[in-house]
Amino acid sequence: IASGSGPMNTRPAAKDFGEADGFLVHRLTNSVSQLILQWRMFLFFYCGPLERIEVLNEASGLTARTFQNLLWDNTILNVRRLTDREKSRGEINVSLAHLLRISREKGIACLDVPYEELLSSCETTRRYADKHIAHSDFDHAAGRKISSTNRGETTKAIKEISSFVQLFHKKITDVSYELVPRTSVSDEQQFLKLLYLGNQSSVEQTSEKIRQAKAGDWDSAFQSIYPDWLSDDHFRDNPF
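These numbers come from a predicted model, not from an experiment. (Residues numbered from 1 in each chain as written. Predicted model: local features only at pLDDT ≥ 70, side-chain atom pairs only at ≥ 80, totals over all residues. Heavy atoms only, no water.)

J.: Whenever I open this one, the overall build of the protein confuses me. Can you help?
T.: Across its full length, the protein carries 11 helices and 2 strands. In the protein, the succession of helices and strands from N to C terminus is α-α-α-β-β-α-α-α-α-α-α-α-α. Taken along its principal axes, the extent of the C-alpha atoms in the protein is 85 × 50 × 35 Å. Within the protein, residue pairs in contact and separated by at least 24 positions form 69% of the contacts whose partners lie at least 6 positions apart. Working note: accessible area of the protein is about 15400 Å², and carbon and sulfur atoms make up 52% of it. (Helix = DSSP H or I, 4+ residues; strand = E, 2+ residues; numbered from the N terminus. Contact = heavy atoms within 4.5 Å. Areas by Shrake-Rupley, 256 points an atom, 1.4 Å probe, with all protein chains shown as cover.)

J.: Help me understand the packing of aromatic side chains in this model?
T.: Each aromatic ring pair is summarised here by two numbers: the centre-to-centre distance and the angle between the ring planes. Applying the stated rule across the entire model yields 11 aromatic pairs. Measuring from ring centre to ring centre gives 5.6 Å for Phe 42 and Tyr 46, while their planes differ by 45 degrees; the resulting arrangement is tilted. Placement of both Phe 42 and Tyr 46 in helix H2 (residues 19-46) is noted, with a separation of 4 residues, approximately one turn of the helix. Taking 5.9 Å as the distance between ring centres and 20 degrees as the angle between the ring planes, the aromatic pair formed by Trp 218 and Phe 222 counts as stacked. Given the relative accessible area of 66%, Phe 222 is considered exposed. Linked through ring pairs, Trp 39, Phe 42, Phe 44, Phe 45, Tyr 46, Trp 72, Tyr 128 and Phe 191 together constitute an aromatic cluster. (Phe/Tyr/Trp six-rings, centres within 6.5 Å; stacked < 30°, edge-to-face > 60°. Buried < 20%, exposed > 50% of the residue type's maximum accessible area, 1.4 Å probe, protein only.)

J.: Before we go on, may I ask you to explain unusual backbone geometry in this structure?
T.: Note on backbone geometry: most residues besides glycine have negative phi, and most peptide bonds are trans. Residues other than glycine seldom take positive phi values, yet Arg 89 does so here, at roughly 55 degrees. Looking at where Arg 89 falls in the secondary structure, it is placed in the loop between strand E1 (87-88) and strand E2 (91-92). Arg 89 gets classed as exposed once you look at its relative accessible area, which sits at 89%. Even without being glycine, Asp 174 reaches a positive phi, approximately 55 degrees. Topologically, Asp 174 is positioned in the loop between helix H8 (151-172) and helix H9 (188-214).

Bear in mind that shape data such as this cannot, by itself, settle questions of function.
In structure tokens, the structure reads:
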């Protein structure tokens, strides 16, 4: 989001950079914003107070673990994609290397050093993605070789990516972009609040059903409080 404006669209990018490069600038800017949003979710859910993880696990430990893996893998993979070369085997990649190319073509060389610093900060994250996510290297999977990354390294990589894109826009179009998504109340924090309330309600409902059963009110005790569409027992056996 540009300061004082709405979401970026393709028209200004096409006007400033041409059709092809305009598309690249638009797609890369929004991709980086989405990358930050996903990593923000990961940090909020899994790297804050332990009580947040407990809320997720209480609702469904299996689902919580799956979400954690998906957010981690997708973030690492997107860091790798964004820092690809301009082309691979003759095919154009939608990568930040194009922003460096565009700046050079406009006679602005001050992005060269920040781009090299960006690549350096992403090195361990990229290697981890190559060996464990984009591909499954046998020696790494078997524990014979080790490539690792961590939350701190990934956070630094994403910060460098964000700073580079902001610098690009500032130097090329003289626009300051706010890449951290300013989401509404229906974001990850609102999701966790509703899940917390749901967990509390579930405990209360269970206690009430036990009370009804002890009182001999079996009809109420075994009556479902959920609408039919909310669950599907057969789906567990065959989701396809």
